[in-house]
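Structure at a glance
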Amino acid sequence: MSSPEEQAFRLLTEYSNGFMVSQVLFAACELGVFDLLAEAPEPLGAAAVAARLGTSSHGTELLLDTCVSLKLLQVETKTGKALYQNTELSSTYLVRASPKCQGNMLRYLARTTYLCWGHLTQAVRDGRNQYLEAFGVPSDQLFSAIYRSEDERLLFMRGLQDVWSVSGRPVLGAFDLSPFPLICDVGGDFFKDPLPEADLYLLARVLHDWTDERCSRLLARIHRACKPGGGVLVVESLLAADGRGPLTAQLYSLNMLVQTEGRERTPAQYRALLAAAGFRHVQCRRTGGLYDAILATR
Ligand code: ASE
């Protein structure tokens, strides 16, 4: 048994090294380690992986063995030779051919989000996103919204789809949506483009990107488009009433600080925005998953 002081130090070390864990995962994905092992007819040695990926033998061996400790790979030793293969986790979530593959989101996090987080201290000082600091691009000169290029926009959209393929279902089950036969998933240039007719407007992972003012404008537009009995389903990670949890929602709110104009919000904050836009009935449901749901009707 270790003392409380030693336990505290262990926890501190785990937090300090957290970024290294992220980078091991990102690098293994970028190099195609999981796809290679999935496509190989049998487990591969480090030298074979290095040869196929065109990577250094030392670096590859270190990366593979670290992935084993992180449960991203498993190793078996046959006549003194270490052979690597995917685990259940990597086969499900990290292999390109899997319908639940999170590869696009991981690449987006590695190439964009991670760089913004390198400027978290400054973001907290300034209270605004760090595109200029991270990429030398002022946010008003971006390709559009938060994207530096069309390729980056596509990677982000595919990444959001990756997450949705795993976390979408529980959200759509949170409410009985049978009163809403025609659902419009609001995306694209929703501040300008006319909204198509629908019974329910789905605003999934949209409001958290924007200031209260912009959210109010968008919700007022949707309210105007809504028929009586129609509504809006907001899908976001809800903060606790006091804002002090859950950790994932707090981290996402910091993520919005470093990357966008927005924030994650509490149920009361969403209620206030929806009520101000004219919605009469607002219900919040926590799903226990990544995303929660708020249904507001006109
Ligand atoms: C946004 C979402 C993200 C804007 C910037 C972002 C994410 C990273 N950067 O709307 C993904 C957040 N994570 C999940 C699981 O959604």
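What you see is a predicted model; the values in this text were computed from it and never measured.

What counts as what
Residues numbered from 1 in each chain as written. Predicted model: local features only at pLDDT ≥ 70, side-chain atom pairs only at ≥ 80, totals over all residues. Heavy atoms only, no water. Pairing = 2+ DSSP bridges. Helix = DSSP H or I, 4+ residues; strand = E, 2+ residues; numbered from the N terminus. Axes fitted to C-alpha atoms, helices over the stretch in contact; angles between N-to-C directions. Contact = heavy atoms within 4.5 Å. Near = heavy atom within 4 Å. Polar contact = N/O pair within 3.5 Å; in protein donor to acceptor, adjacent residues only side chain to side chain. Nonpolar A, V, L, I, M, F, W, Y, C, P; charged D, E, K, R; others polar. Buried < 20%, exposed > 50% of the residue type's maximum accessible area, 1.4 Å probe, protein only.

1. Description of the sheet that holds strand 4 (residues 200–204)
Spatially, the 5 strands line up as an open sheet ordered 3-4-5-7-6, and their pairing is mixed. Here the strands that pair on one side only, and so sit at the sheet edges, are strand 3 (183–185) and strand 6 (281–285). Recorded for the sheet is a direction-independent mean angle of 20° between the axes of neighbouring strands. The pairing of strand 3 with strand 4 spans 3 bridges and is classified as parallel. Counterpart to Ile-183 in the pairing with strand 4 is Leu-200. On the sheet, helix 11 (residues 212–225) packs against strand 4 and strand 5 (231–236) and is oriented at approximately 160° with respect to strand 4. Of the strands in this sheet, strand 5, strand 6 and strand 7 (292–297) touch helix 13 (residues 267–276), which is tilted by about 155° from strand 6.

2. Digging into the site of the ligand
As a matter of local geometry, the ligand sits amid 17 residues, with His-208, Asp-209, Tyr-252, Gln-259 and Tyr-291 nearest to it. In the model, a nitrogen atom of the ligand is placed 3.5 Å from a nitrogen or oxygen of the Thr-113 side chain. Those elements that place two or more of their residues in the shell around the ligand are helix 7 (103–117), helix 10 (150–172) and helix 12 (247–259). Looking at side-chain class alone, the shell around the ligand contains 10 nonpolar, 5 polar and 2 charged residues.

3. Some details on the pairing of strand 7
Here strand 7 lies mainly inside the structure; 6 of its 6 residues are buried. A two-sided burial pattern is seen for strand 7, the buried positions comprising Asp-292, Ile-294 and Ala-296 on one face and Ala-293, Leu-295 and Thr-297 on the other. Here strand 5 runs beside strand 7; their pairing, made up of 6 bridges, is antiparallel. The residue bridging Glu-236 from the neighbouring strand is Asp-292, located in strand 7. Judged from the 5 bridges that link them, strand 6 and strand 7 form a sheet pairing that is antiparallel. Residue pairing across strands places His-281 opposite Thr-297, the latter belonging to strand 7. In textbook terms, the turn of a hairpin is the stretch between consecutive antiparallel strands, and for strand 6 and strand 7 this stretch comprises 6 residues, one of which, Gly-288, has a positive phi near 80°.

4. Considering the pairing of strand 2 (residues 81–86)
Here strand 1 (residues 73–78) runs beside strand 2; their pairing, made up of 6 bridges, is antiparallel. From the neighbouring strand, Val-75 faces strand 2, where its bridge partner is Tyr-84. Hairpin connection of strand 1 to strand 2: 2 residues between the antiparallel strands, including Thr-79 at a positive phi of 40°.

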